Amino acid sequence: MTVQLDTWEHRLLAQAYVPLEIRARHDMESASSHAHYQDAYAHCQTVTEQHSRTFSVASKLLPHEQRQAIHALYAFCRISDDLVDRESWDRANKLENWRHRVLSNPLRDDDPVVLAWADTRIRYHIPRQYIEQLLDGIAGDLTPARYETFAELSQYCYAVASTVGLMVMHIVGYTDREAIPYAVKLGVALQLTNILRDVGEDWRNGRVYLPQDELAAFGLTEEVIAEGVAAGGVVSDSWRAFMRFQIERTRRLYAEALPGVALLGKDGRFAVGAAAELYRAILNDIEAHDYNVFTHRAHTSDGRKLSLLPGIWWRARFGKF
């Protein structure tokens, strides 16, 4: 099974493979008794349940210890994001302090997220470089960046999402390095889904992640986003065409990435497949609301999630994504 790669993906793959070539130095303490961390993992579970219904549902499909590890990963990512998105002052220093805490003797920290995440990354041999790449990507949101091309945007998507998928792979297991390109592609698809869903919210926070050259190709500028937000979600034909283009590409990336689920550890295939397909369904809700991502935050309802799970289980069981 060979994944088809576009030019922009080769650059991302180079970054994904490097941490696997670096022999990890065991410069951290060994993890203590797993029971010692149960309160920390319970806290991470609460964070996951409070902030991501999709992630929470998918994690329930994993064996107990892998589920705990996924909760720790999610909580670590959530705290990292919030330091940039929700803090009102001194965000750069707070993020740098957080980086130091999670990478330097974290088992001596009293923060439950730091403890659980440290235990997880030791147990599952998660490369330090993926954590650094993720934090570098999140730091990019400290300033209101713009992305001229999709290739530039894909670099951001890799840093903040594909790295997470690569860490998930270490938790659920994978057959060989052939799985890496699929994980990178899926991370980009997931982050693009976030970007398309959150256009209005990101605008209100001073951010535009949509490629500037693609906006221009459809005769659009950032002003159309401002007008859409101000007018309560008014959508033009040009915006519809632009969003159809974005959704078509994102769906294609999901379709190309999902066969890689078969290369994951057997216990993790259903959970990862569910996370991907439930997130992909957000695109349907964007369409159902006439591409109004200015005032409507698209989502997949709990009922819809439950209706999708049997089919996802079958595809995970028989490798038919």
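**Student:** In this structure, what is going on with the overall build of the protein? I would like to understand it.
**Tutor:** When helices and strands are counted, the protein shows 16 helices and 0 strands. Scaling as 2.2 N^0.38, a compact globule of 321 residues should have a C-alpha radius of gyration of about 20 Å, and the protein matches this with 19 Å. Projecting the C-alpha coordinates of the protein onto the three principal axes gives extents of approximately 60 × 50 × 40 Å. Taking all 321 residues of the protein together, 52% fall into the buried category. Relative to all contacts within the protein whose residues are 6 or more apart in sequence, the contacts with residues 24 or more apart total 77%. Accessible area for the protein stands at about 14500 Å²; split by element, carbon and sulfur atoms hold 51% of it. Looking at charge distribution, the protein has the averaged site of its 36 positive side-chain charges lying 5 Å from that of its 42 negative ones.

**Student:** Any chance you could explain helix 8 (residues 150-172) here in plain terms?
**Tutor:** Because each turn of an α-helix spans 3.6 residues, side chains separated by three or four positions in sequence point in the same direction. The sharpest bend along helix 8 measures roughly 45° and falls at tyrosine 158. Of all the 23 residues making up helix 8, 19 are buried; the element is thus mostly covered by neighbouring parts of the structure. The positive-phi residue at the C-terminal boundary of helix 8 is glycine 173, with phi of around 90°.

**Student:** Which parts of the structure should I look at to understand the environment of glutamate 201?
**Tutor:** Mapped onto the elements of the fold, glutamate 201 is located in helix 10 (residues 199-204). According to the relative accessible area criterion, glutamate 201 is partly exposed, its value standing at 35%. Spatially, the C-alpha atom of glutamate 201 lies 17 Å from that of proline 211, the residues being 10 residues apart in sequence.

**Student:** Any chance you could explain the packing of aromatic side chains here in plain terms?
**Tutor:** One pair of aromatic rings is described through two measures. These are the centre distance and the angle between the planes. Under the definition given, this model contains 12 aromatic pairs. Geometrically, the ring pair formed by phenylalanine 76 and tryptophan 98 is stacked, given 6.3 Å between the ring centres and 20° between the ring planes. A residue pair is termed long-range when its members are at least 10 positions apart, and phenylalanine 76 in helix 4 (residues 64-85) and tryptophan 98 in helix 5 (residues 91-103) qualify at 22 residues. Exposure class is identical for phenylalanine 76 and tryptophan 98. Each is buried. Geometrically, the ring pair formed by tyrosine 147 and tyrosine 156 is tilted, given 5.6 Å between the ring centres and 40° between the ring planes. Residue tyrosine 147 is classed as buried on the basis of its relative accessible area, which comes to 10%. Judged by its relative accessible area of 9%, tyrosine 156 is buried. Taken together, the aromatic side chains of Phe218, Trp239, Phe242, Phe245 and Phe294 make up a single cluster linked through ring pairs.

**Student:** Please explain the packing of helix 4 against helix 8 as it appears in this structure.
**Tutor:** Their axes nearest at 10 Å, the elements helix 4 and helix 8 cross at an angle of 160°. Relative to helix 8, helix 4 is oriented roughly antiparallel. For the crossing formed where helix 4 meets helix 8, the hand is right-handed. Mapping the contact onto sequence places Gln66, Ala69, Ile70, Leu73 and Cys77 in helix 4 and Val164, Met167, Val168, Ile171 and Val172 in helix 8. Grouping the constituent residues of the contact of helix 4 with helix 8 by class yields 9 nonpolar, 1 polar and no charged.

**Student:** Can you walk me through the side chain of histidine 170 in this structure?
**Tutor:** Residue position: histidine 170 is located in helix 8. Polar contacts involving the side chain of histidine 170 include one to the main-chain carbonyl oxygen of leucine 166, which spans 3.0 Å. Setting aside anything within four residues of it in sequence, one finds histidine 170 in contact with Leu20, Tyr124, His125, Ile126, Pro127 and Tyr130.

**Student:** Help me out: how do you make sense of unusual backbone geometry in this one?
**Tutor:** Backbone geometry follows two general trends: most residues other than glycine have a negative phi, and most peptide bonds adopt the trans configuration. Residue histidine 125 is not a glycine yet carries a positive backbone phi of 55°. You can see histidine 125 is positioned in the loop between helix 6 (112-123) and helix 7 (128-139). Classification of histidine 125 by relative accessible area gives exposed; the value is 57%. The backbone of tyrosine 291 shows a phi angle near 65°, a positive value even though the residue is not glycine. For tyrosine 291, the location among the structural elements is in the loop between helix 15 (282-288) and helix 16 (302-318). Look at tyrosine 291 and you get buried, because its relative accessible area is 9%.

**Student:** Quick question: what am I supposed to make of the pattern of salt bridges here?
**Tutor:** Close approach of charged atoms lets side chains of opposite charge pair. Taken as a whole and assessed by the stated rule, the structure comprises 23 salt bridges. Between aspartate 82 and arginine 78 there is a salt bridge whose closest N-O contact spans 3.2 Å. Here the residue aspartate 82 and the residue arginine 78 both occupy positions in helix 4, the gap between them amounting to 4 residues, near one helical turn. In this structure, aspartate 82 and arginine 78 share a single accessibility class: buried. One salt-bridge network, in which partners are shared between bridges, spans Arg197, Asp198, Glu201 and Arg297.

The rules behind each value
Residues numbered from 1 in each chain as written. Predicted model: local features only at pLDDT ≥ 70, side-chain atom pairs only at ≥ 80, totals over all residues. Heavy atoms only, no water. Helix = DSSP H or I, 4+ residues; strand = E, 2+ residues; numbered from the N terminus. Rg over C-alpha atoms; globule rule 2.2 N^0.38 Å. Buried < 20%, exposed > 50% of the residue type's maximum accessible area, 1.4 Å probe, protein only. Contact = heavy atoms within 4.5 Å. Areas by Shrake-Rupley, 256 points an atom, 1.4 Å probe, with all protein chains shown as cover. Lys, Arg positive; Asp, Glu negative; His and termini not counted. Charge placed at Lys NZ, Arg CZ, Asp CG, Glu CD. Bend = angle between axes of the 7 residues up to and from the residue. Phe/Tyr/Trp six-rings, centres within 6.5 Å; stacked < 30°, edge-to-face > 60°. Axes fitted to C-alpha atoms, helices over the stretch in contact; angles between N-to-C directions. Parallel < 35°, antiparallel > 145°, perpendicular 65-115°, else oblique. Left-handed = near helix turned anticlockwise from the far one by under 90°. Nonpolar A, V, L, I, M, F, W, Y, C, P; charged D, E, K, R; others polar. Polar contact = N/O pair within 3.5 Å; in protein donor to acceptor, adjacent residues only side chain to side chain. Salt bridge = Lys/Arg side-chain N within 4 Å of Asp/Glu carboxyl O.

By themselves, these observations are geometric and do not establish any function.
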